[in-house]
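Here are the chains, one letter per residue:
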Amino acid sequence: MKRVFSGVQPTGNIHLGNYLGALRQFVELQDDHECIYCIVDMHAITVPQDPKVLKEHILDVAALYLAVGVDPKKSIVFVQSDVPGHAELSWVLTCNSYTGELSRMTQFKAKSHNKESAPTGLFTYPVLMAADILLYATDIVPVGNDQKQHIELCRDIANRINNTRKKTFVVPDGRFLKEGARIMALDDPTQKMSKSAENIHSRISLLDDPAKIKKSIMKATTDSEGVIRFDVENKPGISNLMNIYSVLAGVPLEQIEKDYEGKGYGDFKKDLVEIVVNALAPIRERYEEIRHSDELIEILKDGAVRANAISEKTMARVKKNFGLGL
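The following paragraphs examine the structure supplied in this document. (Residues numbered from 1 in each chain as written. Predicted model: local features only at pLDDT ≥ 70, side-chain atom pairs only at ≥ 80, totals over all residues. Heavy atoms only, no water.)

What follows concerns the pattern of salt bridges. Applying the stated rule across the entire model yields 15 salt bridges. The partner of arginine 291 in a salt bridge is glutamate 56, and the shortest N-O contact between them spans 2.6 Å. Of this pair, arginine 291 sits in the loop between helix H13 (265-290) and helix H14 (294-322) while glutamate 56 sits in helix H3 (residues 51-68), placing them 235 residues apart in sequence. Residue classification places glutamate 56 among the partly exposed residues on the basis of a relative accessible area of 40%. One salt bridge in this structure joins lysine 319 and glutamate 88, with 2.9 Å as the shortest N-O distance. One end of the pair, lysine 319, is in helix H14; the other, glutamate 88, is in helix H4 (residues 85-94), and 231 residues separate them in sequence. Within the structure, one salt-bridge network assembled from shared partners comprises Asp223, Glu225, Arg229, Asp231 and Lys235. (Salt bridge = Lys/Arg side-chain N within 4 Å of Asp/Glu carboxyl O. Helix = DSSP H or I, 4+ residues; strand = E, 2+ residues; numbered from the N terminus. Buried < 20%, exposed > 50% of the residue type's maximum accessible area, 1.4 Å probe, protein only.)

Here we come to the packing of H3 against H13. At a minimum axis distance of 8 Å, the contact between H3 and H13 shows a crossing angle of 130 degrees. Our classification of the angle between H3 and H13 gives oblique. Of the two possible hands of crossing, H3 and H13 adopt the one that is right-handed. Listed contacts from H13 to Asp60, Ala63, Leu64, Leu66, Ala67 and Val68 of H3 are Ile283, Arg286, Tyr287 and Ile290. Per-class residue counts for the contact of H3 with H13 are eight nonpolar, no polar and two charged. (Axes fitted to C-alpha atoms, helices over the stretch in contact; angles between N-to-C directions. Parallel < 35°, antiparallel > 145°, perpendicular 65-115°, else oblique. Left-handed = near helix turned anticlockwise from the far one by under 90°. Contact = heavy atoms within 4.5 Å. Nonpolar A, V, L, I, M, F, W, Y, C, P; charged D, E, K, R; others polar.)

Take the layout of surface pockets next. Empty space within the second largest pocket amounts to approximately 220 Å³. If you trace the second largest pocket, you find it lined by Asp41, Lys55, Glu56, Ile58, Leu59, Val79, Ser81, Asp82, Ile297, Leu300 and Lys301. Sorting the residues of the lining of the second largest pocket by element identifies H3 and H14 as the ones contributing at least two each. Among the elements that take part in the lining of the second largest pocket, H3 stands out by supplying four residues, more than any other. (1 Å grid on protein atoms, 1.4 Å probe; cavity = no way out; pocket = protein on both sides within 12 Å on 5 of 7 lines; lining within 4 Å. Points joined across faces, edges and corners; volume = space filled by probe spheres on them.)

One pass over the structure, following the stated rule, counts one cavity of 30 Å³ or more. Every residue along the wall of the largest cavity is listed here: Met105, Gln107, Phe108, Lys111, Leu122, Tyr125, Pro126 and His150. Residue assignment for the lining of the largest cavity shows that the elements contributing at least two residues are helix H6 (106-111) and helix H8 (125-134). If you tally residues by element for the lining of the largest cavity, the top one is H6, at three residues. In terms of residue class, the lining of the largest cavity is built from five nonpolar, two polar and one charged.

Here H14 spans 41 Å end to end across 29 residues, near enough to the 42 Å set by a 1.5 Å rise per residue. Of the residues making up H14, those classed as buried are Leu296, Ile299, Leu300, Gly303, Ala304, Ala307, Ile310, Ser311, Thr314, Met315 and Val318. Positioned one or two residues after H14, glycine 323 has a phi angle of 75 degrees, which is positive. (Expected span 1.5 Å × (residues − 1).)

By secondary structure assignment, the location of glutamate 101 is in helix H5 (residues 99-103). The exposure class of glutamate 101 is buried, given its relative accessible area of 9%. In this structure the side chain of glutamate 101 is engaged in a polar contact, spanning 2.9 Å, whose partner is the backbone nitrogen of tyrosine 98. Reaching out from glutamate 101, the side chain makes a polar contact with the side chain of arginine 160 at a distance of 2.9 Å. Setting aside residues up to four positions removed in sequence, glutamate 101 forms contacts with Leu153 and Arg160. (Polar contact = N/O pair within 3.5 Å; in protein donor to acceptor, adjacent residues only side chain to side chain.)

Moving on, we come to the packing of aromatic side chains. In this structure the tally under the stated criterion is nine aromatic pairs. On the basis of an interplanar angle of 85 degrees and a centroid distance of 5.2 Å, the ring pair of tyrosine 260 and phenylalanine 268 is categorised as edge-to-face. Each member of the pair, tyrosine 260 together with phenylalanine 268, is buried. A cation over a ring is seen here: arginine 165 above phenylalanine 322, with NZ or CZ 4.1 Å from the ring centre. (Phe/Tyr/Trp six-rings, centres within 6.5 Å; stacked < 30°, edge-to-face > 60°. Lys NZ or Arg CZ within 6 Å of the ring centre and 35° of its normal.)

Take unusual backbone geometry next. Even without glycine at this site, alanine 137 takes up a positive phi of about 50 degrees. Here alanine 137 is to be found in the loop between H8 and strand E4 (140-142).

Core analysis: the largest hydrophobic core is formed by 63 residues, its most contacted members being Leu16, Tyr65, Leu206 and Phe268. Of all hydrophobic cores here, the second largest spans 37 residues; its members include Ile36, Cys38, Val141 and Cys154. (Core = buried A, V, L, I, M, F, W, Y, C linked by side-chain atoms within 4.5 Å.)

What follows is about H13. Under the 1.5 Å per step criterion, the end-to-end length of H13 is 38 Å for 26 residues, consistent within 8% with the ideal 38 Å. Helix geometry: H13 is bent most strongly at leucine 280, by close to 30 degrees, with proline proline 282 lying one to four residues after it. Along H13, the residues that are buried comprise Tyr265, Phe268, Lys269, Leu272, Val273, Ile275, Val276, Val277, Leu280, Ile283, Tyr287 and Ile290. For H13, the elements touching its buried residues are helix H1 (16-29), H3, helix H10 (210-218), helix H11 (236-249), helix H12 (253-259) and H14. (Bend = angle between axes of the 7 residues up to and from the residue.)

Okay, structure coming up:
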């Protein structure tokens, strides 16, 4: 079976965009792939974190992995910092990457915009991400479309090293969804849905209660035309809501347009509220069952042991090929 690796940052509640862009793929892939899923806490400290809050968020994300359907009997679930190979390989890759290619990363430019200086960790973030992937001889990386540039960098670094030190790394492929992978903010559909946005109604989080979901959807930005038609360029707001509807309900966009012909945004939003609430209810229920259980901790400990066994094989090969150690 081909091996899959992906990870999510423990920086607050996972939202609908994370779920539709990546986490749903995690579940789909685990039946016929060898899957490794990580909570990437080392990535989280590229910005200041309260240690106690970070630890809670790590467990929150781990519980959500399981709540959405990741099966620890089929997949390895662990915390990034529990496997030393991530940091070790990241340094090797840093020595084989260039400031020019890292400075061109779109996310770095966005997060460092208008700042005189930025944390070095933010600059080298994509290298650590590459280490996460290459550490496990990964074949497939299921991520949102916004991560394409990082996957390309990972492939470039792997190929660069393989060209001089053959058979060091497996060169991975990204797996991206064509529809629904890029869910936009409800209050500003020109921006990606974000966990860090100040307006809580800009997003729908997987643990939101029905009242919050309803309020966020009913307040969502649309337009003055009042026609339910998919047109991302001219009608980004309603198009974003239609995307959510289509993916969660399994209804083609063309069918949604036909079903709501002659109807207004109010009717559409009310139906969308019901669809979202029903889709997220089982996730919330499973999350509550496992979040504070000993089972969760044992799953993460077992996952770290299994992940470390794989990573040590990669690091032994890397050290040999680079002449490191005795």
